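Chain by chain, the residues run as shown.
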Amino acid sequence: MKNAIILLLLIAACGPKNEGPNKFSDKKIITIYELQDRRDTKALLPLLKAKKESHRIAAAMAFASIQDTIAIPYLNQMLQIDQDPMPRRAAAFALGQIGSTKALGILIKAFDQELFPANRRYVMEAIGKCGDSSTIKLFEENEYQDSALLMGWAYGVFRISQKGFTSDVLNKRMMKLVNDDNKDLAILASHYVYRGLRKSGDSLFVDSLIGVARYDEVKERFGLLKDQSKIEHYDIEWPLRKNFKYLSITQPQKMAQLIDALGLIINRHGKKFLKDNIINETLHPAIRNSSFSKFCEIFPNEKGSVILEALRSNDMALQSLAAIELQKFDQTEIISKSEWEKRKEYLDLCKQIKSQLKLPQQAETYIDICKAIEALDGEKFEGYKPPYNHPIDWEFVKTIPANQQITIETNKGEITLQLFVEDAPGTTSNFLKLVDSSFYDGKLFHRVVPQFVIQGGCPRGDGWGSLDWTQRSEFSNYQTYETGTIGVASAGKDTEGVQFFITHCPTPHLDGRYSIFARVVSGMDVVQKIEVGDRMMKVERK
């Protein structure tokens, strides 16, 4: 008996050391992710040479989030000498996320030298992310039959097009791929083609694309090009009816949506209606925001007065919208002499607002105001980098099961999410803490864009709300925006807060730009039914 007990103790001592509900029972992994969260490049660099392969991978992937160009030569060294393929893949991915042209030569060389075929697909995409106009020729001159390499080539072409670099040769080749046998490749190609045709207005050509498309997802993507020309407009008399007051209280998001859909020709009563809404502080912010945007759209030569009202309103959303209008005050937009002469008044108000905004809570408005100041007087805005203000609670993270699910009970039905704590520990733990505190219970879906996303969780209910902290962007994983992917809304890198969105369909242009922390595992039919103003009744752990 004594010998049996000793044997059991020996087995336990020699067994796995990293036991727990997720990978963060490994202290070194926590160290790496903590350094990533603190954006501590200097302390992370030595870990690229860690003995354990998983640690080297995590260290390399950390730079996909940090995106510090200082790491480029060190990641290059990993590409050249690391004996294991997965750290090399991580290094290539991180270089792509850094997105610097300084990495182009490194990646092209790595592609030629890489012995692990699956890695070359990731290297090629990274080349597209770092590419410039000279890279177009590289993609034009190479054709691949191998499915992985062809997918890598297509991703590379898609990524370089996001930077504004395309060619007729690449356009034609991507066009041929929209009916490829590989459905994922066809869908990616359809997104490329869609982005290129958005401003063409060639409805006959779009009809022909839809007619020959093999996949429903591709048909739906091209169908959006036709839908854009079929915007429904409402008679301006409807807002003046007696039910306006009732709807503005009970369904403010719906009312805002109706205002957004107003036609461009309205009568004097309609103009007064919009202007009164802007200054009416008793109305829901969503209604005031829509009224402001619609007024500026319909009456561009008279928007100066409502811009001043918005700047003076003390409402962060209206101030942001006014700042966005002021950003147009340059050579790209013709404005009246009287409007331009008001620029000093606008400028003084913007500078006053800038000094009064609370950061990081009002980061989005701060960014818009700074851009407006730059447009008005040339004061260069270098961007906003939120300070480190919301540390990850690692003790809490370690308690989250790797397969943790969440249910969102809406007025349209139930949606179940699978959380990705091992891919985005900071984002996932913050979200789960909010769930556990019932923060999302009763919150609305304030934004719905067909064949794109539904978005909710805003404390204000208009998309401008947040709490008094921001969290870091987490791009240190290979997750991509497929149908039913959940990401965090942001106003730029490291400005994420409490609002989240769920994708209706694949949205590859969001990859590496918005943190992914979950995916829908059931209830996608409910996601497709959600409309502006629908509510999350209860959000809880499953």
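Look up: the structure comes first, before these words.
Figured I'd write up the structure that's included with this text. (Residues numbered from 1 in each chain as written. Predicted model: local features only at pLDDT ≥ 70, side-chain atom pairs only at ≥ 80, totals over all residues. Heavy atoms only, no water.)

### Brief notes about unusual backbone geometry
- Cis geometry is adopted by the peptide bond preceding Pro360, which originates at Leu359 and carries an omega value of 5°.
- Looking at the secondary structure, you find Pro360 in the loop between helix H22 (343-356) and helix H23 (363-377). (Helix = DSSP H or I, 4+ residues; strand = E, 2+ residues; numbered from the N terminus.)

### Focus on helix H8 (residues 117-130)
- The first and last C-alpha atoms of H8 sit 21 Å apart over 14 residues, in line with the 20 Å expected at 1.5 Å per residue.
- The complete set of buried residues in H8 reads Asn119, Arg121, Tyr122, Val123, Met124, Glu125, Ala126, Ile127, Gly128, Lys129 and Cys130.
- Residues of H8 that are buried make contact with helix H6 (85-98), helix H7 (104-113), helix H9 (135-141) and helix H10 (147-162). (Expected span 1.5 Å × (residues − 1). Buried < 20%, exposed > 50% of the residue type's maximum accessible area, 1.4 Å probe, protein only. Contact = heavy atoms within 4.5 Å.)

### Comments concerning the nonpolar core
- If you look at the biggest cluster of nonpolar residues, it comprises 110 residues, and the most contacted ones within it are Leu75, Leu107, Trp153 and Tyr440.
- Other than its neighbours up to four places away in sequence, Leu107 contacts Leu79, Ala92, Leu95, Val123, Ala126, Ile127 and Cys130.
- Core analysis: the next-biggest nonpolar cluster, separate from the first, contains 42 residues, Phe329, Tyr346, Cys370 and Ala372 among them. (Core = buried A, V, L, I, M, F, W, Y, C linked by side-chain atoms within 4.5 Å.)

### Side note on helix H16 (residues 252-260)
- Those residues of H16 not exposed but buried are Pro252, Gln253, Met255, Ala256 and Ile259. The buried residues of H16 occupy an angular sector of 160° when projected down its axis, which confines them to one face. (Arc of directions from axis to C-beta.)

### Overview of the pattern of salt bridges
- For the coordinates displayed, the defined rule picks out 34 salt bridges.
- A salt bridge links Lys294 to Glu297, with the nearest nitrogen and oxygen atoms 2.8 Å apart. Taken together, the residues Lys294 and Glu297, both in helix H18 (residues 285-298) and 3 residues apart, mark about one turn of the helix.
- With a relative accessible area of 4%, Lys294 lands in the buried category. (Salt bridge = Lys/Arg side-chain N within 4 Å of Asp/Glu carboxyl O.)

### Section: the pairing of strand S4 (residues 453-456)
- Neither face of S4 is left uncovered, since the one carrying Val453 and Gln455 and the one carrying Ile454 and Gly456 both have all their residues buried.
- Counting the residues that bridge the hairpin from strand S3 (residues 445-449) to S4 gives 3 residues, and of these Gln451 lies at a positive phi of roughly 55°.
- Judged from the 4 bridges that link them, S4 and strand S6 (residues 500-503) form a sheet pairing that is antiparallel. Across the sheet, residue Ile454 finds its bridge partner in S6, namely Ile502. (Pairing = 2+ DSSP bridges.)

### Concerning the side chain of Arg472
- By the secondary structure assignment, Arg472 is in the loop between S4 and strand S5 (485-488).
- Here the side chain of Arg472 touches Asp37 through a polar contact of 2.8 Å, landing on its backbone oxygen.
- Residues contacting Arg472, with those up to four places away along its chain left out, are Asp37, Arg38, Arg39, Pro386, Tyr388, Thr427, Asp494, Glu496 and Ser515. (Polar contact = N/O pair within 3.5 Å; in protein donor to acceptor, adjacent residues only side chain to side chain.)

### Examining the state of the cysteines
- Within the structure shown, the criterion is met by 0 disulfides.
- Of all cysteine sulfurs, the one in Cys350 lies closest to Cys370, which takes part in no disulfide; the gap is 9.4 Å. (Disulfide = S-S within 2.5 Å.)

### Looking at the packing of H18 against helix H19 (residues 303-311)
- Where H18 meets H19, the axes come as close as 9 Å, and the angle between the chain directions of the two elements is 155°. One element, H18, and the other, H19, form an angle in the roughly antiparallel class. Judged by the twist between their axes, the crossing of H18 over H19 is left-handed. Counting all contacts with H18, which are made through Phe292, Phe295 and Cys296, the residues of H19 involved are Lys303, Val306, Ile307 and Ala310.
- Its residues placed into classes, the contact of H18 with H19 shows 6 nonpolar, no polar and 1 charged. (Axes fitted to C-alpha atoms, helices over the stretch in contact; angles between N-to-C directions. Parallel < 35°, antiparallel > 145°, perpendicular 65-115°, else oblique. Left-handed = near helix turned anticlockwise from the far one by under 90°. Nonpolar A, V, L, I, M, F, W, Y, C, P; charged D, E, K, R; others polar.)

### Observations regarding the packing of aromatic side chains
- Taken as a whole and assessed by the stated rule, the structure comprises 14 aromatic pairs.
- Arranged with centres 6.3 Å apart and planes meeting at 70°, the rings of Phe111 and Tyr144 form a pair that is edge-to-face. Pair noted here: Phe111 is in helix H7 and Tyr144 is in the loop between H9 and H10, with a separation of 33 residues, a long-range link. There is no split in this pair, since Phe111 and Tyr144 are both buried.
- Here the aromatic rings of Phe431 and Phe517 are separated by 4.9 Å at their centres, their planes lie at 50°, and the arrangement is tilted. With a gap of 86 residues between them, Phe431 in helix H25 (residues 425-436) and Phe517 in strand S7 (residues 516-522) connect regions that are remote in the sequence.
- By relative accessible area, which is 1% here, Phe517 ends up buried.
- Of the aromatic side chains, those joined through ring pairs into one cluster are Phe431, Phe439, Tyr440, Phe500 and Phe517.
- One Lys or Arg, Arg121, reaches over the ring of Tyr122 and ends 4.5 Å from the middle of that ring.
- For Lys443, the ring lying beneath its charged end belongs to Phe439, and the centroid distance is 4.2 Å. (Phe/Tyr/Trp six-rings, centres within 6.5 Å; stacked < 30°, edge-to-face > 60°. Lys NZ or Arg CZ within 6 Å of the ring centre and 35° of its normal.)

### A few points about the environment of Asn389
- Examined against the element boundaries, Asn389 turns out to sit in the loop between H23 and helix H24 (394-397).
- It is 6.8 Å that separates the C-alpha atoms of Asn389 and Thr470, two residues lying 81 residues apart in sequence.
- Residues in contact with Asn389, not counting those within four places in the same chain, are Pro360, Trp469 and Thr470.
- Within the structure, the side chain of Asn389 is placed 2.7 Å from the backbone oxygen of Pro387, a separation counted as a polar contact.
- Within the structure, Asn389 has its side chain in polar contact with the side chain of Thr470 (distance 2.9 Å).

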